[in-house]
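Residue-level listing of the chains:
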Amino acid sequence: VVTSKVCRGALIVMEGCDRSGKTTQAKLLKKTLDDAGKPTDFMCFPDRSTQIGGIINNYLKCGTELEDHAIHLLFSANRWELLPKIKMTLAKGTNIVIDRYAFSGVVFSAAKEGMSLEWCKKSDTGLPKPDLVLYLDVSEKDVQKRGQFGAERYEKEEFQKRVRANYELLKDDTWRIIDASLSIDKLQEVIKEEALKVINKTKDEKIPELWV
Ligand code: TMP
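Residues numbered from 1 in each chain as written. Predicted model: local features only at pLDDT ≥ 70, side-chain atom pairs only at ≥ 80, totals over all residues. Heavy atoms only, no water.

You'll find the chain entered in an unreviewed UniProt entry as Thymidylate kinase, with Cherax quadricarinatus given as the organism. In the Pathway (unreviewed entry) part of its UniProt record, the chain is described as follows: "Pyrimidine metabolism; dTTP biosynthesis." In its Sequence similarities (unreviewed entry) section, the UniProt entry covering the chain states "Belongs to the thymidylate kinase family." (UniProt positions renumbered as here; feature names shortened; annotations may be inferred.)

Okay, here's the thing in C-alpha cells:
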C-alpha cells in the first residue's frame, strides 16, 4: 500500500512600517501562489473580526483608552485565539501569508515609554515561528512621499521612527529585507521567488516555535 504523506504548508509573514505596501503585497502573494499551484490562505493581524479584535479596533480608532501592557496582551491574545486555525491550515498542506504578526506586536508596543522589547516578546513566545519574514523596507523620506498617514493611533512620524528602529533588533536569518521602492510588479516577483524557495525547503520540517 502506498500512502502519500501530506507535506505541511509554509508560514510566511509580511512585516514593515505603516504605508510600506505590505497589505497589497501579501494579498497579491496569496493569489500568485494559488496560481502557481501552491494553495495559500491570507490572514492578517490584528484580526478585527473576533471579539478581542473588536476591542483592538476600537483602541486603534482612538475610541477607547487602554493601559499599554493590557492592549499589548490583547494583540497577543488575538494571535493565540487564531492558533488552532493556523495549525490546521499548515497541517493540511496549505501555506499561509500573514499581514503582520508577533513582530508588529513587539515593535509597536516597545516603541512606547516604559515598555521593553524583552517584556513584549514574552506573550508571543511559543507561537509558530514563521518560515519566512518578508520585511518591506521603505526609507523615512519615501514614507513621507507616499502621502499622509491615516488617523489611526500609531500613524505618526516620530512613533514610526521608533518602530523602524525596533524592527532592526528582531531580524534573524529567516528575514528577507525587500526594497519597497520597487514597482508593485517587480516587488511581487522578488517576493514570489523567496516564497517558493521556502515552501520547498520547509515542507518536511517541523514547525519551530517563536523565541524559545
Ligand atoms: P493594520 O493597519 O495593519 O491593520 O495594523 C493596525 C495597527 O496596529 C498598526 O499601526 C500596527 C499595530 N499593531 C500593534 O500595535 N500590535 C500588533 O500586534 C499588531 C499586529 C499591530
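From this point on, the discussion continues.
Here Phe45 and Pro46 are connected by a cis peptide whose omega angle stands at 0 degrees. Note on placement: Pro46 falls in the loop between strand E2 (40-44) and helix H2 (51-60). Even without being a glycine, Cys62 presents a positive backbone phi close to 65 degrees. Relative to the elements of secondary structure, Cys62 occurs in the loop between H2 and helix H3 (68-81). Given the relative accessible area of 43%, Cys62 is considered partly exposed. The backbone of Arg100 shows a phi angle near 75 degrees, a positive value even though the residue is not glycine. Position of Arg100 among the secondary structure elements: in the loop between strand E3 (95-99) and helix H5 (102-109). Overall, the relative accessible area of 12% leaves Arg100 in the buried class. (Helix = DSSP H or I, 4+ residues; strand = E, 2+ residues; numbered from the N terminus. Buried < 20%, exposed > 50% of the residue type's maximum accessible area, 1.4 Å probe, protein only.)

In this section: the pattern of salt bridges. Applying the stated criterion across every chain yields a total of 18 salt bridges. The partner of Lys30 in a salt bridge is Asp34, and the shortest N-O contact between them spans 2.4 Å. Here the residue Lys30 and the residue Asp34 both occupy positions in helix H1 (residues 22-35), the gap between them amounting to four residues, near one helical turn. You can call Asp34 partly exposed: its relative accessible area is 30%. (Salt bridge = Lys/Arg side-chain N within 4 Å of Asp/Glu carboxyl O.)

Take the sheet that holds strand E1 (residues 11-16) next. Read from one edge of the open sheet, five strands run E2-E3-E1-E4-E5, paired in parallel fashion. Strands at the two margins of the open sheet, each flanked by one partner only, are E2 and strand E5 (175-179). Averaged over all pairs of adjacent strands, the angle between strand axes in this sheet comes to 20 degrees, irrespective of strand direction. Relative to strand E4 (residues 132-137), E1 is paired through five bridges, and the arrangement is parallel. Along E4, the bridge assignment pairs Val13 with Val133. Contacts between helix H8 (residues 157-168) and the sheet are confined to E1, E4 and E5, with E4 contributing the most and set at about 140 degrees to the helix. (Pairing = 2+ DSSP bridges. Axes fitted to C-alpha atoms, helices over the stretch in contact; angles between N-to-C directions. Contact = heavy atoms within 4.5 Å.)

Our next topic: the side chain of Asp47. Mapping Asp47 onto the fold places it in the loop between E2 and H2. In this structure Asp47 is buried but unpaired, with Lys85 as the nearest side chain of opposite charge at 5.4 Å. Residues in contact with Asp47, not counting those within four places in the same chain, are Gly53, Asn78 and Leu82. (Lys, Arg positive; Asp, Glu negative; His and termini not counted.)

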